[in-house]
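Residue-level structural notes
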Amino acid sequence: MYEPIRSKSVHRTMAGTPHDFPHRSREEELDIQLAGHLAALLAVTDELRVAAPSTDLDTAAERLAEQVTRLRGGRKPARASATTRGRQANATALHRQAHARAGRALVVAASRADTVAAILAAERMDAHTAALELRELASR
């Protein structure tokens, strides 16, 4: 019913050429993810530093930058200057964003077993939760 294949296939399989594309280990992938989540948290923290300056946010931003630099093999993250003024930021929305990003970072840090990053992410979650609660009490 079917005619047998008489010529070589024009398609290649991956079985014979595993070195043709870059491979990363699970740890390297988790490092990349964690650095990305911490860099996103750093960006929101820098925005918050402009909207609602505090020494706690300054310290957190420096600690986040240190962790991102460590995870990226010494490459420092891009930072917004604390004096940059763009649109008027909503501090409550920024705290919610920061809390969510810290949560994502915590999940990846726990998966990677990175205690330092996990503790930092958990502290940031607590700080943003407290800031949101204070804002809610102040608005009553």
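I will try to describe carefully the structure that is included in this document. (Residues numbered from 1 in each chain as written. Predicted model: local features only at pLDDT ≥ 70, side-chain atom pairs only at ≥ 80, totals over all residues. Heavy atoms only, no water.)

Here we look at helix α4 (residues 115-139)
For α4, with 25 residues, the first-to-last C-alpha span of 36 Å sits near the 36 Å given by 1.5 Å per residue. Ala 117, Ala 118, Leu 120, Ala 121, Arg 124, Met 125, His 128 and Ala 131 are the residues of α4 that are buried. On its buried side, α4 packs onto α1 (26-51), α2 (55-71) and α3 (91-112). The backbone nitrogen of Val 116 lies 3.4 Å from a side-chain oxygen of the residue at the head of α4, namely Asp 114. (Helix = DSSP H or I, 4+ residues; strand = E, 2+ residues; numbered from the N terminus. Expected span 1.5 Å × (residues − 1). Buried < 20%, exposed > 50% of the residue type's maximum accessible area, 1.4 Å probe, protein only. Contact = heavy atoms within 4.5 Å. Polar contact = N/O pair within 3.5 Å; in protein donor to acceptor, adjacent residues only side chain to side chain.)

Comments concerning unusual backbone geometry
Phi at Ala 113 takes a positive value of approximately 65°, unusual for a residue other than glycine. Mapped onto the elements of the fold, Ala 113 is located in the loop between α3 and α4. Residue Ala 113 is classed as exposed on the basis of its relative accessible area of 62%.

Observations regarding the pattern of salt bridges
For the coordinates displayed, the defined rule picks out 10 salt bridges. Between Asp 31 and Arg 112 there is a salt bridge whose closest N-O contact spans 2.0 Å. Residue Asp 31 is located in helix α1, and its partner Arg 112 is located in helix α3; the two are separated by 81 residues in the primary sequence. Judged by relative accessible area, Arg 112 falls into the partly exposed class, the value being 23%. Each of the salt bridges in this network shares a partner with another, and the network as a whole consists of Asp 46, Arg 49, Asp 58, Glu 62 and Arg 79. (Salt bridge = Lys/Arg side-chain N within 4 Å of Asp/Glu carboxyl O.)

Observations concerning the packing of α1 against α4
The description of two helices packed together rests on the angle between their axes and the distance between the axes. Between α1 and α4, the least distance of the axes is 12 Å, while the angle of their chain directions is 35°. Crossing hand, α1 versus α4: left-handed. Contacts between α1 and α4 pair Leu 34, Leu 38, Leu 41 and Leu 48 from the former with Ala 117, Arg 124 and His 128 from the latter. Tallied by class, the residues present in the contact of α1 with α4 amount to five nonpolar, one polar and one charged. (Axes fitted to C-alpha atoms, helices over the stretch in contact; angles between N-to-C directions. Left-handed = near helix turned anticlockwise from the far one by under 90°. Nonpolar A, V, L, I, M, F, W, Y, C, P; charged D, E, K, R; others polar.)

With respect to the side chain of Arg 124
Within the secondary structure, Arg 124 is located in helix α4. If sequence neighbours within four positions are ignored, Arg 124 has contacts with Leu 41, Asp 56, Leu 57, Ala 60 and Ala 102.

Remarks on the environment of Arg 96
Take Arg 96: it is sitting in helix α3. C-alpha of Arg 96 to C-alpha of Met 125: the two residues are 29 residues apart in sequence and 9.5 Å apart in space.

Quick look at the nonpolar core
Residues Leu 34, Leu 38, Leu 48 and Leu 64 are the most contacted members of the largest nonpolar core, which totals 27 residues. Where this core is concerned, the elements lending two or more residues are α1, α2, α3 and α4. If you tally residues by element for this core, the top one is α1, at nine residues. Aside from chain neighbours lying at most four places away, what touches Leu 48 is Pro 53, Leu 57, Ala 91, Leu 94, His 95, Ala 98 and His 128. (Core = buried A, V, L, I, M, F, W, Y, C linked by side-chain atoms within 4.5 Å.)

This is a description of form; function is not addressed.
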